[in-house]
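# Examining the three-dimensional arrangement
Residues per chain are reported as follows:
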Amino acid sequence: MTDASAARSKPASPLRDIWSQFRSHKGAVFGLCVLGFLIVAVLIGPWLWVPEKLTVAQAIKLKNQGPSFRFPLGTDQLGRDMLGRMLLAGRISLAVGMVAMTIAIVFGTLIGILAGYFRRLDGPLMRLADMFLALPLIPLLLVMVMLFRDRIASLIGPELGAFTLIVCAIGITSWMATSRIVRGEVLTLKEREYVIAARSIGVRPKRIILRHILPNVVSPVMVAATLGVADAIITESVLSFLGLGFPPDFPTWGRLLYDGLQYMQVYPERVVWPGLAISLTVLSVNYIGDGLRDALDPRIRGR
Amino acid sequence: MLDASPLPLVRVRDLKMHFPIYAGLLRRRAGEVKAVDGVSFDIMPGETLGLVGESGCGKSTVGRALLRLYTPTAGSVVIDGEDVATLSPEALRKKRPTMQMVFQDPQASLNPRMTLAAIISEPLDEHTDWSGERKLDRVHELMDQVGLNRAFANRYPHEFSGGQRQRIGIARALALNPKFIVCDEPIAALDVSIQAQVVNLLEDLQERLGLTYLFISHDLSMVRHIADRVAVMYLGQIAELSPRDDLYARPLHPYAQALLSAVPEPDPVREATRKRIILTGDVPSPANPPAGCNFCTRCPKVFDRCRVEEPRLAEVEAGRFVACHLYGDTNKTAG
């Protein structure tokens with residue numbers, strides 16, 4: 001029977017549905033292209049664009065140059081090629097932004113769901129979140145970095161050590177907003193009839209959370225996540241600025257921005273380039289999050 | 001099972017469901033809402049018990065407490081030989097397939113992010129270790145039973161009309177071959193034309209699968225159509241529990257009389273002579289019910305004893321249980 005055989009067909013791959021909806025969101029496609037371009041640029045850029053080795057005397061002569069064919073983005077106050085530094089800096093900044101955001105989102109969502117779903121955990125977990133919110137962030141980060149930097153550096157090397165430490169520090173100090181949003185959402189979802197229906201079927205709490213609650217808190221989490229990337233990049237630059245992040249000669253976008261600030265009135269392009277890179281990253285992540293949220297919702301997907 | 005006097009499938013005794021109220025700065029327990037306050041009834045296998053009453057009288061709470069979606073404050077709910085109110089979580093999970101629920105709002109009771117096949121097979125995922133193929137067969141069988149096209153299996157709930165969604169909800173409830181289904185106002189959110197379809201489907205399924213229903217509704221004419229016996233609830237208690245025909249022909253409890261006088265009559269001649277009993281006042285708060293009979297503040301036939309002594313549900317005629325002092329003399333011996 002043709003009718004029955006048609007019905008037998010497996011569901012059209014949900015991934016393909018999601019992808020086709022995602023593609024119809026112009027902003028999301030634009031964001032994906034820009035972010036993809038940035039990632040590719042910072043990954044293979046430093047091999048394609050190798051700044052020429054200059055002696056100290058040459059470098060001092062060539063400091064504060066404007067854009068030219070030799071230095072497409074000019075040179076900084078020490079005669080270093082800005083393009084080369086931007087590309088290297090991007091690797092760190094993008095990695096810090098993404099990883100720290102992922103840690104914060106995973107942690108925040110986990111705590112939010114536990115607090116929202118299990119009544120007994122609600123009080124303790126939310127007071128914990130309040131406590132973290134009340135802590136002054138910068139002093140806390142300072143203490144963490146002071147205490148652990150050398151120990152971690154001796155274990156896995158100074159650069160990777162600094163990266164791990166910064167990412168963890170930013171991650172565990174920025175999950176609170178997400179967890180609050182998620183908790184609120186879970187509290188309303190928990191009383192929805194389809195969750196009650198699942199309970200009446202005898203579905204175990206773990207499955208209810210994974211199947212009915214988690215997919216339905218995706219949208220607020222997406223919004224929090226996209227904003228989190230920007231926050232993480234900026235916080236990293238603050239830390240580096242305070243001398244607690246990466247070593248001073250180690251470029252990140254935030255660091256370039258701060259270095260450029262002193263010369264902003266004379267050489268504004270020095271602030272513009274890293275600023276533009278951070279803004280583009282944030283903007284594209286934002287649009288990708290937007291598109292992803294729509295693509296994951298079957299009610300919107302149909303349209 | 002004995003044919004002469006079959007055991008009731010569901011036996012509810014003195015079910016109480018109180019929700020605490022917390023108030024003040026320290027969130028102290030300031031009192032409780034007595035949503036259900038001492039309800040007892042039996043449902044025979046294959047029977048449909050209608051549960052009617054106005055909004056907020058505790059109908060839905062009874063339904064949910066029966067399936068232990070709320071843990072009852074007191075009382076026992078024996079379903080098919082086991083007291084659901086006190087089962088351990090794991091035993092309760094094993095018991096779940098026997099008793100299922102059809103919800104009021106078919107829009108809200110289906111997860112918008114799951115396909116129809118995933119929704120209907122969820123009970124199977126949870127309680128069987130069948131292969132995907134076998135589950136899909138069962139899903140298709142269920143869809144046939146409730147009159148849904150098999151080709152819809154991969155669609156999402158928002159693509160369906162209200163009546164179709166309610167069919168999905170019914171298919172999900174049927175997936176594990178339950179004996180007892182609580183229908184919590186299954187037709188209240190539907191169009192009138194669709195209501196009849198869904199009710200007929202429920203009756204059909206009852207006939208074919210030997211189901212037992214607790215049919216919660218505020219639509220008295222629909223209850224008249226589907227129920228064998230009807231319980232009228234007021235403020236957390238059962239006012240009257242009677243066979244359908246007796247109740248609709250001659251309600252005994254003053255509240256049941258008032259409630260049934262509100263049902264419009266399709267025959268215009270009889271409609272013209274229909275006398276409505278208009279109750280005055282509002283329903284008292286279930287957090288602070290009146291002393292004596294719950295209905296004494298609004299009852300047209302109230303007398304002194306009503307304000308002092310709480311009437312008990314007692315059999316006043318064959319098969320008719322009423323909680324009212326008006327019939328007190330006849331049941332002196334009974335209670």
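Residues numbered from 1 in each chain as written. Chains lettered and ligands numbered in written order. Predicted model: local features only at pLDDT ≥ 70, side-chain atom pairs only at ≥ 80, totals over all residues.

This next bit is on the overall build of chain A. Helix and strand counts for chain A come out as 15 helices and zero strands. Over its C-alpha atoms, taken along the principal directions, chain A stretches across nearly 80 × 55 × 35 Å. Within chain A, buried positions represent 40% of all 303 residues. (Helix = DSSP H or I, 4+ residues; strand = E, 2+ residues; numbered from the N terminus. Buried ≥ 20, exposed ≤ 12 C-beta atoms within 10 Å, placed from the backbone.)

Next up on the list: the pairing of strand S1 (residues 10-23) of chain B. All names here are of chain B. In this sheet, strand S4 (residues 74-79) lies alongside S1 in antiparallel orientation, the contact comprising five bridges. If you follow Arg-11 over to S4, its bridge partner there is Val-78. Remark: four residues form the turn of the hairpin made by S1 and strand S2 (residues 28-43), two consecutive strands paired antiparallel; Gly-24 in that turn has positive phi of roughly 85°. (Pairing = 2+ DSSP bridges.)

Below, the discussion takes up the sheet that holds S4 of chain B. All names here are of chain B. Ordered by their spatial adjacency, four strands build an open sheet running S2-S1-S4-S5, and the pairing between neighbours is antiparallel. A strand with exactly one partner marks an edge of an open sheet, and here the two such strands are S2 and strand S5 (82-83). The pairing of S1 with S2 spans 12 bridges and is antiparallel. If you follow Pro-20 over to S2, its bridge partner there is Glu-32.

Turning next to the nonpolar core. Formed by 156 residues in total, the largest nonpolar core has its most connected members in Ala-171, Leu-214, Phe-215, Val-232 and Ile-238 of chain B. Considering each element in turn, this core owes the most residues, 16 residues, to helix H5 (residues 82-117) of chain A. For Val-232 of chain B, the residues in contact, after removing those within four places along its chain, are Val-52, Gly-53, Ile-238, Ala-239, Glu-240, His-253, Tyr-255, Ala-256 and Leu-259 of chain B. (Core = buried A, V, L, I, M, F, W, Y, C linked by C-beta atoms within 7 Å. Contact = placed C-beta atoms within 7 Å.)

This part is about the UniProt feature "transmembrane region" (unreviewed entry) in chain A. Residue and element names in this part refer to chain A. According to UniProt, the "transmembrane region" (unreviewed entry) feature falls on residues 28-49, 92-116, 128-148, 160-182, 213-234 and 271-289. Helix and strand shares over residues 213-234 are 82% and 0% respectively, and the end C-alpha atoms of the span are 32 Å apart. Across residues 271-289 one finds 100% helix and 0% strand; the C-alpha atoms that close the span lie 27 Å apart. (UniProt positions renumbered as here; feature names shortened; annotations may be inferred.)

Before going further, it helps to examine the sheet that holds strand S8 (residues 212-216) of chain B. All names here are of chain B. One open sheet holds the eight strands; their spatial order is S6-S7-S8-S3-S9-S10-S12-S11, and the pairing between them is mixed. Looking at strand neighbours, the two that pair on one side only are strand S6 (99-102) and strand S11 (314-317), the edges of this open sheet. Here the strands of the sheet are splayed against their neighbours by 25° on average, with no regard to which way each runs. Relative to strand S9 (residues 229-234), strand S3 (residues 48-52) runs parallel, the two sharing four bridges. Residue pairing across strands places Leu-51 opposite Ala-231, the latter belonging to S9. Its contacts with the sheet put helix H1 (residues 59-66) on S3, strand S7 (180-184), S8 and S9, and the angle it makes with S8 is roughly 150°. (Axes fitted to C-alpha atoms, helices over the stretch in contact; angles between N-to-C directions.)

A few words now on the UniProt feature "domain: ABC transporter" (unreviewed entry) in chain B. Per the UniProt record, "domain: ABC transporter" (unreviewed entry) is found at residues 10-260 of chain B. Here residues 10-260 of chain B is 37% helix and 28% strand, with 26 Å between the C-alpha atoms at its ends.

Let's shift gears to the interface of chain A and chain B. Note: interface size is frequently given as the accessible area lost on complex formation between the parts. Every contact between the two is made by 22 residues of chain A and, on the other side, 27 residues of chain B. Going through the elements one at a time, helix H1 (2-8), helix H10 (193-201) and helix H15 (298-301) of chain A are the ones with two or more residues in the side of chain A that touches chain B. Looking at the side of chain A that touches chain B element by element, the count peaks at eight residues for H10 of chain A. Of the residues assigned to the side of chain A that touches chain B, the class counts are 13 nonpolar, five polar and four charged. (Nonpolar A, V, L, I, M, F, W, Y, C, P; charged D, E, K, R; others polar.)

Attention now moves to the pairing of strand S10 (residues 237-243) of chain B. Residues and elements named next belong to chain B. S10 sits mainly inside the fold: six of its seven residues count as buried. In this sheet, S10 lies alongside S9 in antiparallel orientation, the contact comprising six bridges. Of the residues in S10, the one forming a bridge with Tyr-234 is Gln-237. Between S9 and the antiparallel strand that follows it, S10, lie two residues; Leu-235 among them carries a positive phi value of about 50°. As paired elements, S10 and strand S12 (residues 320-322) share two bridges and run antiparallel to each other. What sits directly across from Glu-240, in S12, is Val-322.

For the rest of this paragraph, the subject is the packing of helix H5 (residues 162-174) of chain B against helix H6 (residues 192-209) of chain B. Residue and element names in this part refer to chain B. Interaxial distance between H5 and H6 falls to 10 Å at its minimum, and their mutual angle equals 20°. When the axis of H5 is compared with that of H6, the two are roughly parallel. The chirality of how H5 crosses H6 is right-handed. Across the interface between the two elements, Gly-162, Gly-163, Gln-166, Arg-167, Ile-170 and Leu-174 from H5 touch Ile-194, Gln-197, Val-198, Leu-201 and Leu-205 from H6. Looking at side-chain class alone, the contact of H5 with H6 contains six nonpolar, four polar and one charged residues. (Parallel < 35°, antiparallel > 145°, perpendicular 65-115°, else oblique. Left-handed = near helix turned anticlockwise from the far one by under 90°.)

Moving on, we come to unusual backbone geometry. Residue and element names in this part refer to chain B. With a phi angle near 50°, Asn-177 is a residue other than glycine that sits in the positive phi range. Asn-177 sits in the exposed class, given 11 other C-beta atoms within 10 Å. One non-glycine residue, Leu-235, adopts positive backbone phi at about 50°. Here Leu-235 lies in the loop between S9 and S10.

Quick look at the confidence of the model for chain A now. All names here are of chain A. Averaged over all residues, the pLDDT of chain A equals 81, while 92% of them reach at least 70. The weakest mean pLDDT in chain A belongs to H1 at 44; the strongest belongs to helix H9 (residues 176-190) at 90. Overall, residues 1-7 carries pLDDT values under 50, and its contacts beyond four positions in sequence, including any with other chains, amount to six contacts. (pLDDT = per-residue confidence, 0-100.)

What follows deals with the environment of Arg-150 of chain B. Residues and elements named next belong to chain B. Assignment of secondary structure puts Arg-150 in the loop between helix H4 (132-145) and H5. Take Arg-150: there are 17 C-beta atoms within 10 Å of it, and that puts it in the partly exposed class. C-alpha of Arg-150 to C-alpha of Gln-237: the two residues are 87 residues apart in sequence and 44 Å apart in space.

Turning to the environment of Val-102 of chain B, a few remarks are in order. All names here are of chain B. Along the chain, Val-102 falls in strand S6. Given 28 C-beta atoms within 10 Å, Val-102 falls into the buried group. Sequence-wise, Val-102 and Val-182 are 80 residues apart; in three dimensions their C-alpha atoms are separated by 6.2 Å. Beyond its immediate chain neighbours, meaning those up to four positions away, Val-102 contacts Gly-169, Ile-170, Ala-173, Ile-181, Cys-183, Asp-184 and Pro-186.

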